[in-house]
Amino acid sequence: MFSYFNIKEANEILPVVIKKFKNIVIIKNEVFNIQSELENNPRHMSNFEDYLIKKQELNSALSNFYKAIEDLEKMGVLVKSVDEGLLDFPSKRFEEEVWLCWKDGETEIKFWHGKDEGFMGRKPLSVSDESLV
């Protein structure tokens, strides 16, 4: 079910969102490590059984990665970049669709940007910005 977030709602769910995002990062690192081992460990290159076992491990980790993203996005939050730690919450400002923007390391949502602006277009929220849904 789709809905727009206001600042208060987005900040209320932010602790759960951050926890889910941190899990995505952990799984992404696991995927990277398995992929690296698969490509660089000679054992996996010379033995079909070892290769197949490691490949299945990689497939499971990739499935877990995408399931974790899906789990977070079911909350209505869009994962913009795992690597850069960027998440967006759909909102409205004066009836225009905008994104409330969060970056990994921030403890609350303090910025927004237009639909087509992206991270470089981030603008600080006003303390009394009641214009956002």
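Student: What is the right way to look at the overall build of the protein in this model?
Tutor: Of the regular secondary structure elements, the protein holds three helices and five strands. Listing the helices and strands of the protein from first to last along the sequence gives α-α-α-β-β-β-β-β. Relative to the 2.2 N^0.38 estimate, which gives 14 Å for 133 residues, the radius of gyration of the protein is 19 Å and therefore markedly larger than a compact globule would have. With the C-alpha coordinates aligned to their principal axes, the bounding extent of the protein is approximately 65 × 30 × 25 Å. Relative to its full complement of 133 residues, the protein shows a buried share of 35%. In the protein, the proportion of contacts linking residues at least 24 apart, taken out of those at least 6 apart, comes to 46%. In the form shown here, the protein has an accessible surface area of approximately 8500 Å², with 54% of it arising from carbon and sulfur atoms.

Student: Help me out: how do you make sense of the nonpolar core in this one?
Tutor: Inside soluble globular proteins, nonpolar side chains tend to come together where they are buried. Grouped together as the largest cluster of nonpolar side chains are 28 residues, with contacts concentrated most on L72, L87, F89, L100 and I109. Only helix 1 (7–40), helix 3 (48–73), strand 2 (86–93) and strand 3 (96–103) provide two or more residues apiece to this core. It is helix 1 that provides the largest number of residues to this core, a total of ten residues.

Student: In this structure, what is going on with the side chain of R122? I would like to understand it.
Tutor: One can find R122 in the loop between strand 4 (111–114) and strand 5 (123–124). The buried category is assigned to R122, whose relative accessible area is 17%. Looking at R122, its side chain comes within polar contact range of the side chain of E106, at 2.7 Å. For R122, the residues in contact, after removing those within four places along its chain, are C101, W102, K103, E106, F111, W112 and H113.

The rules behind the values
Residues numbered from 1 in each chain as written. Predicted model: local features only at pLDDT ≥ 70, side-chain atom pairs only at ≥ 80, totals over all residues. Heavy atoms only, no water. Helix = DSSP H or I, 4+ residues; strand = E, 2+ residues; numbered from the N terminus. Rg over C-alpha atoms; globule rule 2.2 N^0.38 Å. Buried < 20%, exposed > 50% of the residue type's maximum accessible area, 1.4 Å probe, protein only. Contact = heavy atoms within 4.5 Å. Areas by Shrake-Rupley, 256 points an atom, 1.4 Å probe, with all protein chains shown as cover. Core = buried A, V, L, I, M, F, W, Y, C linked by side-chain atoms within 4.5 Å. Polar contact = N/O pair within 3.5 Å; in protein donor to acceptor, adjacent residues only side chain to side chain.

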